[in-house]
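# Fold and geometry: a report
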Amino acid sequence: MSIPAAGSSWFQRFLLPGFAMKAVIIGGGYATGRELAEYFLPSGPWGGLAGMVLAMLLWSVIAATTFAYARLAGALDYRAFFADLLGPAWIAFEIAYILFVVLILAVFGASAGAIGAAMFGWPSFVGAVLLAVAILATVSLGNSAVEGVFKYVSFLLYGVYALFLILSMFNFGDRIAAGFATPAPWTGWASGGLTYASYNIIGAVVILPVLRHLTSTRDAITAGLIAGPLAMAPAILFFVCMVAFYPGIGAETLPSDFLLRQLNAPVFHWLFQLMIFAALLESGAGAVHAINERVAGVLRRRRGIELSPRARAAIAGGLLLVCMFVAERVGLIALIASGYRLLAYMFLAVFVLPLMTIGLARLIRRRSATPREVAA
């Protein structure tokens, strides 16, 4: 029997987990269109959409299983989750996750630097430093601040993407229609969707701290199923706009900036770039906060103390220094093209396969033993 979390709202139970997962996923490559160009555009307009729908469905199923298993295990940080799922082999996930954080924060730094250079002509490191300071300030304040960023940035993000689609349809809707009408091979749509889903589904584990609001296993499954569409909806809207300039837009470092120049709407251009920066902030904050919560969980269990804001800031600062250096040295396109496929294989091996075999079997046994859990 589950005990309702005190004060949990409908938003916190059903929408916040999806908003948080979207926050981790959207990042530099998704928000700027670079990941969409890398994994979906080569399959053509319709093949790309098919790959995105496949990724969305995989996210929903795996997120629902992850949330339900986290509730079964009483795990609100990734170390506790994998210690229960993998036993002593949990360290394999830790290694993969640290590599993931270094890579994505480097991508975020490269994206922020590219935005600053495109908008203001700044050296690339300036945008990266501004992003690092914003992430540092957010994560040092703990759960409430991070959840607030997830919530309010999400409202901004969905609104801006919807407006982006409307403006694109008004300005070059004929080109979008022509793009979808042009015959193109669907080559690689399934592998693109599977790869994209595999390295991004880590977002379902990164956001475990927000699951403290769930009141039942039914809540967990519902929130997980909703999370897939919430995370993918902005990407689908953006991809539709990109089709107007298929296939040439695939070579752009910042497809978003290319499309914004075609719209020739200066005020919206600024608004969209502000939204991307906010998306980078929520993604980076989510990834770093997961590490802080992992450390905080160990401190609570072993010493009975909380991780201080100063310690949270110190951990975040160390990570960000390393990652921003990588971003400056490697660049956005190379980071996305070379690093993410390797991570996809790693997370399939240490997260998805164990969860959907060992974890799912444990869930089914537990549900069979207690078939009538009381929901809130």
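All values derive from a computational prediction rather than experimental measurement.

### Points about the overall build of the protein chain
A count of helical and extended segments in the protein chain gives 14 helices and zero strands. N-terminal to C-terminal, the α/β element order of the protein chain is α-α-α-α-α-α-α-α-α-α-α-α-α-α. The globule rule puts the C-alpha radius of gyration for 376 residues at 21 Å, and the 20 Å found for the protein chain is close to it. Principal-axis analysis of the C-alpha atoms gives the protein chain an extent of 55 × 45 × 35 Å. For the protein chain, the proportion of its 376 residues judged to be buried stands at 57%. Long-range pairs, those at least 24 residues apart, make up 86% of the contacts in the protein chain between residues at least 6 apart in sequence. Carbon and sulfur atoms make up 69% of the accessible area of the protein chain, which amounts to about 14700 Å² in all. Here the protein chain holds 24 positive side-chain charges and 15 negative ones, and the gap between their average locations is 9 Å.

### Considerations on the packing of helix 5 (residues 90-120) against helix 12 (residues 266-303)
Here helix 5 crosses helix 12 at 160°, and the two axes come no closer than 10 Å. On the basis of the axis angle, helix 5 is roughly antiparallel to helix 12. As helix 5 packs across helix 12, the resulting crossing turns out to be left-handed. In terms of residue class, the contact of helix 5 with helix 12 is built from 19 nonpolar, five polar and two charged.

### Re the pattern of salt bridges
On inspection of all chains with the given rule, the structure shows 11 salt bridges. The closest approach of N and O atoms between Arg301 and Asp77, which form a salt bridge, is 3.8 Å. Of this pair, Arg301 sits in helix 12 while Asp77 sits in the loop between helix 3 (44-73) and helix 4 (78-86), and the two are 224 residues apart along the sequence. Overall, Asp77 belongs to the buried group, its relative accessible area being 7%. A salt bridge links Glu306 to Arg300; the nearest nitrogen and oxygen atoms lie 2.9 Å apart. By relative accessible area, which is 34% here, Arg300 ends up partly exposed. Through salt bridges with shared partners, a single ionic network connects Glu293, Arg300, Glu306 and Arg312.

### A closer look at unusual backbone geometry
Following Tyr246, the chain continues into Pro247 via a peptide bond in cis, with omega recorded as 5°. Mapped onto the secondary structure, Pro247 falls in the loop between helix 10 (217-242) and helix 11 (255-263).

### Some details on the confidence of the model for the protein chain
With 91% of its residues at a pLDDT of at least 70, the protein chain reaches an overall mean of 87. Confidence, expressed as mean pLDDT per element, reaches its minimum in the protein chain at helix 13 (residues 309-330) with 78 and its maximum at helix 3 with 96.

### A short note on the packing of aromatic side chains
Per the stated rule, a full pass over the model turns up 35 aromatic pairs. Connected via pairs of aromatic rings, a cluster forms that spans Tyr69, Tyr78, Phe81, Phe82, Phe93, Tyr97, Phe100, Phe347 and Phe351. Looking at Lys22, its charged tip hangs above the ring of Tyr158, at a distance of 5.8 Å from the centre. The residue whose ring lies beneath Arg79 is Trp90, and the NZ or CZ to ring-centre distance is 4.5 Å.

### A few points about the side chain of Ser154
Along the chain, Ser154 turns up in helix 7 (residues 143-181). Here the side chain of Ser154 touches Phe150 through a polar contact of 2.5 Å, landing on its backbone oxygen. Leave out the neighbours within four places in its chain, and Ser154 touches Phe19, Lys22, Val149 and Glu282.

### Structural notes on helix 4
Among all positions in helix 4, only Tyr78, Arg79, Ala80, Phe81, Phe82 and Leu85 are buried. Where helix 4 begins, one side-chain oxygen reaches toward the backbone nitrogen of Arg79, 3.0 Å away; that side chain belongs to Asp77. Positive backbone phi, approximately 65°, marks Gly87, located one or two places after helix 4.

### Observations concerning the nonpolar core
Core analysis: the largest hydrophobic core is formed by 121 residues, its most contacted members being Phe81, Tyr97, Tyr161, Phe164, Tyr196, Leu259 and Phe351. In terms of residue count, helix 5 provides more of this core than any other element does, 14 residues in total. Once you skip the residues sitting within four places of it in the chain, Tyr196 turns out to touch Ile25, Tyr30, Glu35, Leu36, Tyr39, Phe40, Ala55, Trp59 and Met232.

### Concerning the packing of helix 5 against helix 6 (residues 124-139)
Between helix 5 and helix 6, the least distance of the axes is 6 Å, while the angle of their chain directions is 125°. Considering the angle they form, helix 5 stands oblique to helix 6. Read as a crossing pair, helix 5 and helix 6 show a hand that is right-handed. Mapping the contact onto sequence places Leu105, Phe108, Gly109, Ala112 and Gly113 in helix 5 and Ser124, Gly127, Ala128, Leu131 and Ile135 in helix 6. Of the residues that constitute the contact of helix 5 with helix 6, the class distribution is six nonpolar, four polar and no charged.

Rules of the game
- Residues numbered from 1 in each chain as written.
- Predicted model: local features only at pLDDT ≥ 70, side-chain atom pairs only at ≥ 80, totals over all residues.
- Heavy atoms only, no water.
- Helix = DSSP H or I, 4+ residues; strand = E, 2+ residues; numbered from the N terminus.
- Rg over C-alpha atoms; globule rule 2.2 N^0.38 Å.
- Buried < 20%, exposed > 50% of the residue type's maximum accessible area, 1.4 Å probe, protein only.
- Contact = heavy atoms within 4.5 Å.
- Areas by Shrake-Rupley, 256 points an atom, 1.4 Å probe, with all protein chains shown as cover.
- Lys, Arg positive; Asp, Glu negative; His and termini not counted.
- Charge placed at Lys NZ, Arg CZ, Asp CG, Glu CD.
- Axes fitted to C-alpha atoms, helices over the stretch in contact; angles between N-to-C directions.
- Parallel < 35°, antiparallel > 145°, perpendicular 65-115°, else oblique.
- Left-handed = near helix turned anticlockwise from the far one by under 90°.
- Nonpolar A, V, L, I, M, F, W, Y, C, P; charged D, E, K, R; others polar.
- Salt bridge = Lys/Arg side-chain N within 4 Å of Asp/Glu carboxyl O.
- pLDDT = per-residue confidence, 0-100.
- Phe/Tyr/Trp six-rings, centres within 6.5 Å; stacked < 30°, edge-to-face > 60°.
- Lys NZ or Arg CZ within 6 Å of the ring centre and 35° of its normal.
- Polar contact = N/O pair within 3.5 Å; in protein donor to acceptor, adjacent residues only side chain to side chain.
- Core = buried A, V, L, I, M, F, W, Y, C linked by side-chain atoms within 4.5 Å.

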